[in-house]
Amino acid sequence: MPLRDTLARVDADLAAGRVPVARQRLRGLVSSFPNDLMLRRRLAEMYRLYGEPAEAGRWMYLEQDRDASETTAFEARYRTAPQRMRALAWHGPESLAQSAFARQQLAAVRAACSEAMGHPVDWDTVPSGRKTDGRRSAFADFLAGAGCLVAVLAFLAIWVNGLVALFD
């Protein structure tokens, strides 16, 4: 469905008092058009209706006229630069932002995330929330493999036992 039609449905949902439906439609639009600051602003307004300042701050983070208390709530919920980078859900380079302030904010978050990760990151390869400790990962992989092996051996033992019982 085109952007304009979906926005008309959002307005109709709001007029009918279906705020959760309107919010869900806007979330879908922001997912489809992550670089549209107007959609982000409308989604922030939706979260204000719900009384969720952290989410309102999340979607207004790239706007210069944002509310300081909402920004503080967003930064408190998403404490690290990688968490903020994932939460902002931006795609593509900062140059796609429609304002200089948004470009500066995006560049600052990306730079902080790169510093925290110890290597350059960009908006299309946002780091996951998993910690990458090679020893823990190798041990966890070993345990998973051992568990699968035990499960397969138990299945085979039960199957062989049933087969033997069938011919006795």
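What you see is a predicted model; the values in this text were computed from it and never measured.

**As for a nonpolar patch on the surface**
Then, in step 1: The grouping of Leu149, Val152, Leu153, Phe155, Leu156, Trp159, Val160, Leu163, Val164, Leu166 and Phe167 at the surface amounts to a nonpolar patch, some 1,100 Å² of accessible area in total.
Then, in step 2: Inspection of the secondary structure puts Leu166 in helix 8 (residues 134-167).
Then, in step 3: Leu166 gets classed as exposed once you look at its relative accessible area, which sits at 62%.

**A look at the packing of aromatic side chains**
Then, in step 1: Following the criterion strictly, the structure yields two aromatic pairs and no others.
Then, in step 2: Ring geometry for Tyr61 against Phe74: centres 4.9 Å apart, planes inclined by 55°, an arrangement best described as tilted. Placement of the pair is Tyr61 in the loop between helix 4 (53-60) and helix 5 (68-77) and Phe74 in helix 5, with a sequence separation of 13 residues.
Then, in step 3: In this structure Phe74 comes out as buried when scored by relative accessible area, which is 0%.

**A few points about helix 7 (residues 100-117)**
Then, in step 1: Relative to the 26 Å expected for 18 residues at 1.5 Å per residue, helix 7 spans 26 Å between its end C-alpha atoms, a close match to the ideal helical length.
Then, in step 2: Residues of helix 7 that are buried: Phe101, Ala102, Gln105, Leu106, Val109, Cys113 and Ser114.
Then, in step 3: The inward-facing, buried residues of helix 7 abut helix 3 (37-50) and helix 6 (81-88).
Then, in step 4: Trailing helix 7 by a residue or two, Gly118 shows a phi angle of about 85°, which is positive.

**Regarding unusual backbone geometry**
Then, in step 1: Positive phi values are uncommon outside glycine, yet Ala89 reaches one of about 55°.
Then, in step 2: You can call Ala89 partly exposed: its relative accessible area is 28%.

**Side note on helix 6**
Then, in step 1: Extensive coverage of helix 6 is indicated by the burial of six of its eight residues.
Then, in step 2: One or two residues past the end of helix 6 sits Ala89, with phi positive at roughly 55°.

**Concerning the packing of helix 6 against helix 7**
Then, in step 1: Between helix 6 and helix 7, whose axes approach to 8 Å, the crossing angle comes to 135°. Considering their axes alone, helix 6 and helix 7 lie oblique with respect to each other. The hand of the helix 6/helix 7 crossing is left-handed. Mapping the contact onto sequence places Ala81, Pro82, Arg84, Met85 and Leu88 in helix 6 and Val109, Arg110, Ala112, Cys113, Ala116 and Met117 in helix 7.

**A closer look at the nonpolar core**
Then, in step 1: If you look at the biggest cluster of nonpolar residues, it comprises 17 residues, and the most contacted ones within it are Leu62, Trp90 and Trp123.
Then, in step 2: Of all the secondary-structure elements, those providing two or more residues to this core are helix 6 and helix 7.
Then, in step 3: Residues in contact with Trp123, not counting those within four places in the same chain, are Met85, Leu88, Trp90, His91, Gly92, Glu94, Leu106, Val109 and Arg110.
Then, in step 4: Among the nonpolar cores identified, the runner-up in size contains 14 residues, and Leu26, Leu29, Ala56 and Met60 belong to it.

**Regarding the environment of Val10**
Then, in step 1: Relative to the helices and strands, Val10 resides in helix 1 (residues 3-15).
Then, in step 2: For Val10 and Arg25, which are 15 residues apart along the polypeptide, the C-alpha to C-alpha distance reads 6.5 Å.
Then, in step 3: Not counting residues up to four positions away in its chain, the partners in contact with Val10 are Ala22, Arg25, Leu26 and Arg42.

**Thoughts on the pattern of salt bridges**
Opposite charge on two side chains lets them pair, provided their charged atoms get close.
Then, in step 1: A full pass over the atoms with the stated rule returns nine salt bridges.
Then, in step 2: A salt bridge links Asp11 to Arg42, with the shortest nitrogen-to-oxygen separation between them at 2.6 Å. Of the two residues, Asp11 is situated in helix 1 and Arg42 in helix 3; the sequence distance between them amounts to 31 residues.
Then, in step 3: By relative accessible area, Asp11 is classed as partly exposed at 41%.

**Observations concerning the environment of Arg23**
Then, in step 1: Along the polypeptide, Arg23 turns up in helix 2 (residues 19-32).
Then, in step 2: A C-alpha to C-alpha distance of 15 Å links Arg23 and Leu3, two positions 20 residues apart in sequence.
Then, in step 3: For Arg23, the contacting residues outside a window of four places in its chain are Leu43, Met46, Tyr47 and Tyr50.

What counts, and where the lines are drawn
Residues numbered from 1 in each chain as written. Predicted model: local features only at pLDDT ≥ 70, side-chain atom pairs only at ≥ 80, totals over all residues. Heavy atoms only, no water. Patch = residues over 30% accessible without salt bridge, like charges linked within 9 Å, V, L, I, M, F, W, Y side chains within 5 Å. Areas by Shrake-Rupley, 256 points an atom, 1.4 Å probe, with all protein chains shown as cover. Salt bridge = Lys/Arg side-chain N within 4 Å of Asp/Glu carboxyl O. Helix = DSSP H or I, 4+ residues; strand = E, 2+ residues; numbered from the N terminus. Buried < 20%, exposed > 50% of the residue type's maximum accessible area, 1.4 Å probe, protein only. Phe/Tyr/Trp six-rings, centres within 6.5 Å; stacked < 30°, edge-to-face > 60°. Expected span 1.5 Å × (residues − 1). Contact = heavy atoms within 4.5 Å. Axes fitted to C-alpha atoms, helices over the stretch in contact; angles between N-to-C directions. Parallel < 35°, antiparallel > 145°, perpendicular 65-115°, else oblique. Left-handed = near helix turned anticlockwise from the far one by under 90°. Core = buried A, V, L, I, M, F, W, Y, C linked by side-chain atoms within 4.5 Å.

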